[in-house]
Every structure is written in C-alpha cells, then in structure tokens.
Amino acid sequence: MKNMTLKNIAKACGGVLHLPKRGDGKENFQEASCVVIDSRKIVPGGIFIATKGEKVDGHRFIGQVAEKGALGVVCERAEKECPVPYILVEDSLKALKDIAEFYRKELSVKVVGITGSVGKTTTKEFIASVLSTRYRVLKTLGNFNNEIGLPLTVLSIRKEHEIAVLEMGISDFGEMRRLSRIARPDICVLTNIGQSHLEKLGSREGIFKAKSEIFDYMNPEGYVFVNGDDDILCRIKQRGNHAPIHFGLKPENEIFASDVLDEGLCGSKAVIHANLKAFSVDIPLPGMHMVLNALAAAGVGMQLGLTAEDVKNGIANVETIRGRSNVLSLPDYTLVDDCYNANPGSMRAAIDLLAMAPGRKVAILGDMFELGEGQEQLHGDVGAYAAKKKIDVLICTGRLSGYMYEQAAHMGEETYYFAEREEMMKELPKLLKKGDTILVKASHGMEFEKVVEFLTR
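Residues numbered from 1 in each chain as written. Predicted model: local features only at pLDDT ≥ 70, side-chain atom pairs only at ≥ 80, totals over all residues. Heavy atoms only, no water.

J.: I'm lost on the layout of surface pockets in this one. Help?
T.: Unfilled space is identified by rolling a water-sized probe across the atoms. In this model, the largest pocket occupies a volume close to 1100 Å³. In this structure, the largest pocket is lined by 45 residues; those nearest its centre are Lys120, Asn143, Arg324, Tyr340 and Asn341. If you list the elements that add at least two residues to the lining of the largest pocket, you get helix 4 (120-131), helix 9 (289-303) and helix 11 (344-355). In terms of residue count, the dominant contributor to the lining of the largest pocket is helix 11 (four residues). (1 Å grid on protein atoms, 1.4 Å probe; cavity = no way out; pocket = protein on both sides within 12 Å on 5 of 7 lines; lining within 4 Å. Points joined across faces, edges and corners; volume = space filled by probe spheres on them. Helix = DSSP H or I, 4+ residues; strand = E, 2+ residues; numbered from the N terminus.)

If you want it as structure tokens, here you go:
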C-alpha cells in the first residue's frame, strides 16, 4: 500500500507510535500489506485497527493478529508489553477514516462516487460492469457504503486498480461531507431524491441538501451526472468547472433512452442516445428503473473514453445481487428477492415489476424504517398502491405494515396481516400456490432474508 508506513499512518490519524524494545526499526519504513478491522482478515505485514463494536471489542484480538504477522495495530489501549508496534489513538473509528483519507490522497486512481435515495447499489453494479470492459475496476462490495464501509473499501484499492466505483450512503446531515472527504470523487452520480431517512433529514429538500455534500470534496475538474427526470436533481447548477450532465427517459436530457421495451422479469430493451450516438442495449435486470441505471453507466463510461460497443457489452453482462430485484426461478414459485431495503419509492417500483408478472401475483411486504413523521400514511399509501396495481394477494407483517393492510383491505383486495415475521412464515404454505410470482420486500431491519431462505427451501 503506497506510503502506508507506521510513521505515516500515525501522522495521518494523529496517533502516538510505540515500537517494541526488541524491534530493529525496519518496521518504521515497511509499507503495510492491508488495513483491516476484522482480525480474521489480517495477513502478514497488515495493519489491524482495533474497534469497539456492540458485541465484540477488537482490542481482545491484538495478540492474535501479532501471532499472524501483523505489521502493527491502531488501538485505543494496549498492554505494556504489546508484542507488535501499536499506534495509540483516542478514537479508533475516527482513525480508520483519517487513515483512509490519507491513503486516498496517495493514489492516482479515478473515483466514481454514487449516491441517491434509491438505486445506488444497482447503479454501482452497472457502472462497474461497463467500466470493466476496458479498465481494472474496484467496486464497493455488498453494502459497504457508510462511515465504516467506505473507508475500508478505499483501503482495499491497490496499484493495479485504475478506477474505483464507490457507493456512498447516509442517514443524517454531515455524513456525506465526511464520506466525500475520504473518497474525493472525480465523478459524482446522483440517482434520485426519494423519501428515505426522513426521520433525520426531514423532507426531500433535506435529503437533497445532505446528498449534495458529496460535492464538497470532489475534484473541481470532475463531472457530475444527475437524473434529469428527478424534479429536484434537475435543479443542480454547475459544480466545479463543468455543468451537470443529465440522464433520464426524457429526450431533453443529454443522455436519454428511447424505444424502451419492458419485458417484465426478463429485463428490458432500449436505445440509448449519448455523445451524438444511438445504440441499442439489452438490460438483463428487471424493472423500468434499471433503464435509468443503464443510462448513468453509459454516461460515465463514455465520459471515460469507452465506445458504444463497450457500454453495450457492459450493460448486457451486469449481474444480479442478492436482495436487489433478484429473480429466482424455483420449482414451485418465481421469487423476486428485493428484501435488502425499502422506502416508499422502491416499494412502488417493486410493485410495478410484480404487476407485470404472469399468473397470480403475491407481495410479501414489511415495515419501512426511518421515515419519521407521516410514516403511517406512507405505509398506507403503499397498501393502496398495491391494490391499485391489482396485486392478487398482499401479505403484510410488522407494526407499521398494518397500515398497508388496512388500506389494501379497504379497497377489497385479498390481504393478510401478521404482527410478527415468524408467525407469517408459519402460514405461508397455506397462502401460496404453485405458479405464484412472489415479491419479498421490507427494510433491512425486518430480516426478510429469512423469508427468502424459507421460500427457497
């Protein structure tokens, strides 16, 4: 890792470096092989940052990482006879962010930062797939998009990587500014402004203000891509030295789609117009919102020198992600696993997708969290929307989802309500029929991945 010596790391995080008395001083100049907070992932020459979690205190594993050949440890406390060099800090998590910020500045890699209320992860996958047709790309793994995940992702960048595609997620003001300070994006992509995290951000305007902090540390020579169909994002003015580039379904956007053919669970086809070129693409992931993700990827890719053919191949080869509109063909059902997270906008998009499926359509929906004031109404609106889209069976579980149930039942739909997830799962075999298409969706805290596992068994 470039310039990641113990001395530089200590300086970056404002820590005090302590060397073992028996050391020969060479470790002062050795570059770290990795930086981790999970002791199981340490390799010889790596740095272990000991953090205190809700259940586990990393300081307990300092001896173990020393035995595995760690170069050093960043910690808030250490034994007097610590067997490995250590950097003493007041706050290990803050040190993690400071170290990642230092490392990012040492790198020549280009960074694409992605944020928005809905679609960050799938947009990241589209962009990474497109850019991988020509570049060596590192992308955020899973949902490592917060103030712990993002620095760890930055610290996983290596000299062979040419572009890093980073997902950036927040729930409060100030968080994006801190993430931007670490990532320092060369290209920013904003997918939309929806109704997620309203509990802390208050309104869509508040969400926009918080998401816009991504620009605070972006490269002034960089480019901004925004969803031009979004009524708030379309108002963004020039950032840095360039005007924003708009993508969307409307032809007034610089990058837009025409001749869109929605093929339901099989994905869609479209013609993309960008850089005075028009080319057809096959989008393998289901849902019309995936067209917007493909447009964002096309814009970023062509800005970085890719051809239309590169973009077309990258979009065609994008892969599904567990819990994100992942369609599973099971012996008895077709299952749409969209259980990773949920807000009103993504709920409606998932219901739209289900509505296009053949046969009987079943939605298993749970609570949406962090919606703040008006959360009961927002849940009720989802229930009404499911009824309006003629979903055959609506199965709701969770306290707030009772409002979904009430609205849908009021409109005469076949609707069931269960206070607890386990109670609902016991009844599912009685409610489902062979040939059903089943949507499973809720906020991550509802642990609906257990519903998916149950159904796949």
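J.: Which parts of the structure should I look at to understand the sheet that holds strand 3 (residues 47-49)?
T.: Strands belonging to one sheet form pairs held by backbone hydrogen bonds; the direction of such a pair is parallel or antiparallel. Judged by pairing direction, the sheet is mixed, and its five strands sit side by side in the order 1-5-4-3-2 without closing on themselves. Each edge of the open sheet carries a strand with a single partner, namely strand 1 (16-18) and strand 2 (35-36). Where strand 2 lies against strand 3, two bridges are found, and the strand directions are parallel. Bridging across to strand 3, Val36 finds its partner in Phe48. Of the strands in this sheet, strand 1, strand 3, strand 4 (72-75) and strand 5 (86-88) are in contact with helix 1 (residues 6-13), which crosses strand 5 at around 15°. Lying over the sheet, helix 3 (residues 92-106) contacts strand 3 and strand 4, oriented at roughly 125° with respect to strand 4. (Pairing = 2+ DSSP bridges. Contact = heavy atoms within 4.5 Å. Axes fitted to C-alpha atoms, helices over the stretch in contact; angles between N-to-C directions.)

J.: Whenever I open this one, helix 10 (residues 308-316) confuses me. Can you help?
T.: Side chains of residues three or four places apart in an α-helix project in the same direction, reflecting 3.6 residues per turn. By the burial criterion, the buried members of helix 10 are Ala308, Asp310, Val311, Gly314 and Ile315. Buried residues of helix 10 fall within an arc of 160° about the axis and therefore sit on the same side. Against helix 4, strand 13 (268-274), strand 14 (277-283) and helix 9 lie the buried residues of helix 10. (Buried < 20%, exposed > 50% of the residue type's maximum accessible area, 1.4 Å probe, protein only. Arc of directions from axis to C-beta.)

J.: I'm lost on the pattern of salt bridges in this one. Help?
T.: As a working rule, side chains carrying opposite charge can pair if their charged atoms are close by. Under the definition given, this model contains 26 salt bridges. Between Glu101 and Lys105 there is a salt bridge; the shortest N-O distance is 3.5 Å. Taken together, the positions of Glu101 and Lys105, both in helix 3 and four residues apart, correspond to about one turn of that helix. Accessibility expressed as a relative area gives 10% for Glu101, which makes it buried. In this structure, Asp338 and Lys441 form a salt bridge, with 3.2 Å as the shortest nitrogen-oxygen distance. Of this pair, Asp338 sits in the loop between strand 16 (334-337) and helix 11 while Lys441 is found in strand 20 (residues 437-441), placing the two residues 103 residues apart along the sequence. Relative accessible area serves as the criterion here: at 2%, Lys441 is assigned to the buried category. (Salt bridge = Lys/Arg side-chain N within 4 Å of Asp/Glu carboxyl O.)

J.: Would you mind showing me how to read the packing of aromatic side chains here?
T.: What describes a pair of aromatic rings is the distance from one ring centre to the other and the angle between the planes of the rings. Per the counting criterion, the structure on display carries one aromatic pair. With 5.9 Å between their ring centres and 40° between their planes, Tyr405 and Tyr417 make a pair best called tilted. Highlighted residues: Tyr405 in helix 13 (residues 401-410) and Tyr417 in strand 19 (residues 414-418), separated in sequence by 12 residues. Note that Lys209 overlies the ring of Phe173, its terminal NZ or CZ placed 5.9 Å from the centroid. (Phe/Tyr/Trp six-rings, centres within 6.5 Å; stacked < 30°, edge-to-face > 60°. Lys NZ or Arg CZ within 6 Å of the ring centre and 35° of its normal.)

J.: Just checking my understanding: could you explain the environment of Ala419 for this structure?
T.: Note on placement: Ala419 falls in the loop between strand 19 and helix 14 (421-431). For the pair Ala419 and Glu79, spaced 340 residues apart in sequence, the C-alpha to C-alpha distance is 49 Å. Ignoring sequence-local partners within four residues, the contact set of Ala419 consists of Thr397 and Gly398.

J.: So what exactly am I meant to see when it comes to the nonpolar core here?
T.: Among soluble globular proteins, nonpolar side chains are generally buried collectively. Core analysis: the biggest nonpolar cluster contains 76 residues, and Met4, Val74, Leu155 and Leu365 have the highest contact counts within it. In terms of residue count, helix 3 provides more of this core than any other element does, six residues in total. Contacts of Val74, omitting those with residues within four sequence positions, involve Ile9, Ile47, Phe48, Ile49, Ala50, Ile87, Val89, Ser92, Ala95 and Ile99. Within the second largest apolar cluster, 40 residues are counted, among which are Val137, Ala270, Ile272 and Leu304. (Core = buried A, V, L, I, M, F, W, Y, C linked by side-chain atoms within 4.5 Å.)

J.: Teacher, can you tell me more about the packing of helix 12 (residues 375-388) against helix 13 here?
T.: The geometry of a pair of packed helices is captured by two quantities: the angle between their axes and the separation between those axes. At a closest axis distance of 7 Å, the pairing of helix 12 and helix 13 adopts a crossing angle of 40°. Classified by the angle their axes make, helix 12 and helix 13 are oblique. Helix 12 and helix 13 meet at a crossing whose hand is right-handed. Side by side, helix 12 and helix 13 meet where Glu376, His379, Gly380, Val382, Gly383, Ala384 and Ala387 of the first sit next to Ser401, Tyr403, Met404, Gln407 and Ala408 of the second. Within the contact of helix 12 with helix 13, the residues separate by chemical class into six nonpolar, five polar and one charged. (Parallel < 35°, antiparallel > 145°, perpendicular 65-115°, else oblique. Left-handed = near helix turned anticlockwise from the far one by under 90°. Nonpolar A, V, L, I, M, F, W, Y, C, P; charged D, E, K, R; others polar.)

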